[in-house]
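Chain residues, written in single-letter form:
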Amino acid sequence: QVQLVESGGGLVQAGGSLRLSCAASERTFSSYVMGWFRQAPGKEREFVATINWSGGSTYYADSVKGRFTISRDNAQKTVYLQMNSLKPEDTAVYYCAASWGTFPPEPRPGAYGYWGQGTQVTVSS
């Protein structure tokens, strides 16, 4: 069972950048499809991005396309989310997730079986 730990969240001004990291405990990390989700107060958890096993294929939510980049380093058992041109509406708790299945998974939380504890991202206007 994979354990995930996110880091890198914080407070940033609109237009700024942050890089989130998610470290996995599982030595078979490269066997998992990885994703990022986010949840703002009072809203449902929503899909942000996903990446396949090798890192060669990615998908993004329309709201972050062109601004966010997901990547992974299988040797380091880590997945990243580079967030540029941040907007106040990007404010949320960001969660890393792992899926043991096909690619791409459905862009919904139920398609992922393992989750991190989340990291807060706050974008001020």
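Residues numbered from 1 in each chain as written. Predicted model: local features only at pLDDT ≥ 70, side-chain atom pairs only at ≥ 80, totals over all residues. Heavy atoms only, no water.

1. Quick look at the nonpolar core
And step 1. With 33 residues, the main nonpolar core has M34, W36, V79, L81, M83 and Y94 as its most contacted residues.
And step 2. Only strand 3 (18–24), strand 4 (33–39), strand 5 (46–51), strand 7 (68–73), strand 8 (78–83), strand 9 (92–99) and strand 11 (119–124) provide two or more residues apiece to this core.
And step 3. Here the element with the most residues in this core is strand 9; it accounts for five residues.
And step 4. Non-local contacts of M83, meaning those with residues more than four positions away in its chain, are made with G16, S17, L18, L20, R67, F68, Y94 and V121. (Core = buried A, V, L, I, M, F, W, Y, C linked by side-chain atoms within 4.5 Å. Buried < 20%, exposed > 50% of the residue type's maximum accessible area, 1.4 Å probe, protein only. Helix = DSSP H or I, 4+ residues; strand = E, 2+ residues; numbered from the N terminus. Contact = heavy atoms within 4.5 Å.)

2. Looking at the state of the cysteines
Each disulfide consists of one covalent bond between the sulfur atoms belonging to two cysteines.
And step 1. Under the definition given, this model contains one disulfide.
And step 2. Bridging C22 to C96, the disulfide has an S-S length of 2.1 Å. Negative torsions about the S-S bond denote left-handed disulfides, and the value of about -75° found for C22 with C96 makes this one left-handed. Of this pair, C22 sits in strand 3 while C96 sits in strand 9, and the two are 74 residues apart along the sequence. Judged on exposure class, the residue C22 and its partner C96 are both buried. (Disulfide = S-S within 2.5 Å.)

3. Let's talk about the pairing of strand 4
And step 1. The buried fraction of strand 4 amounts to six of the seven residues, a majority that puts the element mostly inside the structure.
And step 2. The pairing of strand 4 with strand 9 spans seven bridges and is classified as antiparallel. Looking across to strand 9, one finds that Q39 is bridged to V93.
And step 3. Where strand 4 lies against strand 5, five bridges are found, and the strand directions are antiparallel. Its bridge partner lying in strand 5, M34 is registered against I51.
And step 4. Linkage of strand 4 to strand 5, two consecutive antiparallel strands, is achieved through a turn of six residues, within which G42 is found at a positive phi near 75°. (Pairing = 2+ DSSP bridges.)

4. Remarks on the sheet that holds strand 3
And step 1. Across the sheet, four strands lie side by side as 1-3-8-7; this open sheet has antiparallel pairing. Strand pairing shows two members of the sheet lacking a second neighbour, strand 1 (4–7) and strand 7, which therefore form its edges. Between one strand axis and the next, the sheet turns by 15° as a mean value, whatever way the strands run. (Axes fitted to C-alpha atoms, helices over the stretch in contact; angles between N-to-C directions.)

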